[in-house]
Amino acid sequence: MEDVEKNPLGAAGETNTGKEKIFFGFINKKLIPLKLVYFIYISSLAVIRPYLALFMYELGLNPFQVGILRCLEPATNVLFSPIWGSIADKFGIRKSLLVLCSIGSAVFLPILLLVPPVPVVDARRQEYAAIRDDNNSREWAAGSEAHQRIGGGGEDSGDLIDELFPAVSLLTFGLTGLISLTESLFTSGFIPLLDAHTMEVLERYPTASYGGQRWPGALGVILFSPVSGLLMDMYRGHGPEFLPTFLLFGTLMLMSIIPVLIMEDATDRRPPQSFTGELSVIFSDFHILLTFLMYVIIGACNGIIVAFVFIYLKDLGGSQFLMGLSLTVTCITEIPCLLISGKVIERLGYEVVICLGLLAYAVRLFCYALLEDPWYVLPIETLHGVCYGLLWPACTEYAKHLAPEGMATTLQSLTHAAKAGIGKVLGIVLGGLLYNVLGARIMFQQVAAVTMVILILYVGDRLYLLMSARPAENSEKSALIADDKNNNKELDKAQIPVH
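We now turn to the structure provided with this report. All values derive from a computational prediction rather than experimental measurement.

Some points on the overall build of the protein
- Regarding its fold elements, the protein presents 21 helices and two strands.
- A separation threshold of at least 6 residues defines the contact pool for the protein, and within that pool the share at least 24 residues apart is 83%.
- Of the roughly 22,100 Å² of accessible surface on the protein, a fraction of 66% belongs to carbon and sulfur atoms.

Re the pattern of salt bridges
- Following the criterion strictly, the structure yields nine salt bridges and no others.
- One salt bridge in this structure joins R49 and E183, with 2.8 Å as the shortest N-O distance. Of this pair, R49 sits in helix α2 (residues 49-58) while E183 sits in helix α10 (residues 170-201), and the two are 134 residues apart along the sequence.
- By relative accessible area, which is 9% here, R49 ends up buried.
- Taking the relative accessible area as the measure of exposure, E183 reaches 1% and is therefore buried.
- Residue R364 pairs with E381 through a salt bridge whose shortest N-O separation is 3.2 Å. With R364 in helix α17 (residues 350-369) and E381 in the loop between α18 (377-380) and α19 (384-402), this residue pair connects regions lying 17 residues apart in the sequence.
- The buried category is assigned to R364, whose relative accessible area is 3%.
- One network of salt bridges, with partners in common, ties together R49, E73 and E183.

Observations concerning the side chain of S105
- One can find S105 in helix α5 (residues 94-108).
- Residue classification places S105 among the buried residues on the basis of a relative accessible area of 1%.
- If we skip the residues at most four places from it in the chain, S105 touches P110, E183, F186, T187, F249 and M253.

Some words on the state of the cysteines
- Taken as a whole, this structure holds zero disulfides when the rule is applied.
- Looking at the unpaired C301, the closest cysteine sulfur is the one in C387, lying at 8.2 Å.
- For C301, a relative accessible area of 1% gives the class buried.

Brief notes about the packing of α17 against α19
- Where α17 contacts α19, the axes come no closer than 8 Å and their chain directions differ by 150°. Between α17 and α19, the interaxial angle falls into the category roughly antiparallel. Once α17 is placed against α19, the crossing between them reads as left-handed. Across the interface between the two elements, Y350, V353, I354, L356, G357, A360, Y361 and R364 of α17 pack against H384, V386, C387, L390, L391, A394, E397, Y398 and H401 of α19.

Describing the environment of F444
- With respect to the helices and strands, F444 occurs in helix α21 (residues 440-495).
- Separated by 75 residues in sequence, F444 and A369 place their C-alpha atoms 5.5 Å apart.
- Non-local contacts of F444, meaning those with residues more than four positions away in its chain, are made with I304, V309, Y312, L365, Y368 and A369.

Some points on helix α3 (residues 63-70)
- Of all eight residues making up α3, seven are buried, and the element is well covered by its neighbours.
- Looking at α3, one finds that the buried residues are P63, F64, Q65, V66, G67, L69 and R70.
- Capping the start of α3, N62 holds a side-chain oxygen 2.8 Å from the backbone nitrogen of Q65, two or three residues further along.

Notes on the packing of aromatic side chains
- On inspection of all chains with the given rule, the structure shows twelve aromatic pairs.
- On the numbers, 5.2 Å between centres and 50° between planes, the contact of Y368 with F444 is tilted. Within this pair, whereas Y368 is found in helix α17, its partner F444 is found in helix α21, the two being separated by 76 residues in sequence.
- Judged by its relative accessible area of 0%, Y368 falls in the buried class.
- For F444, a relative accessible area of 0% puts it in the buried group.
- Clustering of aromatic rings is evident, with ring pairs tying together F55, F242 and F246.

Considerations on the environment of N62
- Tracing the backbone shows N62 in the loop between α2 and α3.
- Look at N62 and you get buried, because its relative accessible area is 2%.
- It is 7.9 Å that separates the C-alpha atoms of N62 and N436, two residues lying 374 residues apart in sequence.
- Only 2.8 Å separates the side chain of N62 from the backbone nitrogen of Q65, close enough to count as a polar contact.

Notes on empty space enclosed by the protein
- Counted according to the given criterion, the structure contains four cavities of 30 Å³ or more.
- Volume-wise, the largest cavity comes out at about 940 Å³.
- Every residue lining the largest cavity is counted, 40 residues in all, and those nearest its centre are N302, V306, H384, Y388 and K424.
- Examining the composition of the lining of the largest cavity, we find that seven residues originate from one element, helix α15 (residues 286-315), more than from any other.
- Of the residues that constitute the lining of the largest cavity, the class distribution is 22 nonpolar, nine polar and nine charged.

Calculation notes
- Residues numbered from 1 in each chain as written.
- Predicted model: local features only at pLDDT ≥ 70, side-chain atom pairs only at ≥ 80, totals over all residues.
- Heavy atoms only, no water.
- Helix = DSSP H or I, 4+ residues; strand = E, 2+ residues; numbered from the N terminus.
- Contact = heavy atoms within 4.5 Å.
- Areas by Shrake-Rupley, 256 points an atom, 1.4 Å probe, with all protein chains shown as cover.
- Salt bridge = Lys/Arg side-chain N within 4 Å of Asp/Glu carboxyl O.
- Buried < 20%, exposed > 50% of the residue type's maximum accessible area, 1.4 Å probe, protein only.
- Disulfide = S-S within 2.5 Å.
- Axes fitted to C-alpha atoms, helices over the stretch in contact; angles between N-to-C directions.
- Parallel < 35°, antiparallel > 145°, perpendicular 65-115°, else oblique.
- Left-handed = near helix turned anticlockwise from the far one by under 90°.
- Polar contact = N/O pair within 3.5 Å; in protein donor to acceptor, adjacent residues only side chain to side chain.
- Phe/Tyr/Trp six-rings, centres within 6.5 Å; stacked < 30°, edge-to-face > 60°.
- 1 Å grid on protein atoms, 1.4 Å probe; cavity = no way out; pocket = protein on both sides within 12 Å on 5 of 7 lines; lining within 4 Å.
- Points joined across faces, edges and corners; volume = space filled by probe spheres on them.
- Nonpolar A, V, L, I, M, F, W, Y, C, P; charged D, E, K, R; others polar.

Pasting the structure below:
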């Protein structure tokens, strides 16, 4: 929990007493705008991002096409997050870039409402959708026509391409992709820019934590996610059911500009003389490379959950209200984990927290595969507290720890690119293919199994490095003891009187 956030010294070296009491303790007034940015911006994402896959699905696109489109956002994270970070570090215009990102997202994403739906939904996709979540049925076991075509059961590749990309859907697919790609260029910059700004501002507040600034974002999800789902359920039959969510998204996104402009400036830092030189030193360390590989795996798990869980719940008969409520549950567990994340990371270390987060993802995915009643997704979503509330601060603080002078935003951007970029692309593309070919249940089971295997390998590697480091430490200690003894002997000889 965020107990007290205070700046020991003000700008003139005076004690900072600017704090106000709220229900859980004290916060510094100077940090309120920073919390508001997280609250408003993440709230804007919560009202539309989880429903984008469902929106595309109801346009008539199949799960594989939805997966391809949803991977555009993480793909742009890979390419453009480091660019945003490098520009901010080099020119010191972080706030201006944050404003630009907010305006770009607010303008471009609502244009998706103008995309025409697929005029005719392919009958084979309807047949496949009816059986994909009953993988033990007689029809599936016998190898239905749809399963044989998609699964590669002897048909030529042309049938598979026609199944995954029906000609009638290409216009909808192309327009949706173009708009999504443009909007994602702006989305890719905001969070890494804001996280880097936050970590530098908190250097002036030793008792404040990153999780203590990030938790209002989870509160925003709690408040706005069920409202968004309820608005869609209520608006259905009166017009485009997704219209309220897009309008709410644009409004909140533009509102986030206000606290960005008034939040405290970060510490001025000199840019490094050589970005490539500093990065080559960092990524020549095998331990760091392995940690970034873990970020990729974490991003893959998150990508599958974000892209396909709502489609899965829809196929099980769940409503949009249930989907919004599930997000509320995730954030109820996320907030306390964010508030204690600093203490947990300090006690356990970055690597242990990262392993705990990956374990939570594996259990979560396996539980999805067991769902029969969509309402049972609510207890499963309580694992999100560990998956995000502990894991994200660990990754963010570790990036700050690794960053050379003047490269804080660049390292945050690279961390974001690994998790929300490369990993998310792999998860969405492979998840969409597995969903289309094998169905949701088998997809979740297989991804959970792979996650556990990778976790075991990572833990084994860490234990091996730990055990191999102990003999070196013991030999170093022995050498120091021997040196001390030799020094003592020489001292004794020097003290013997010579006659």
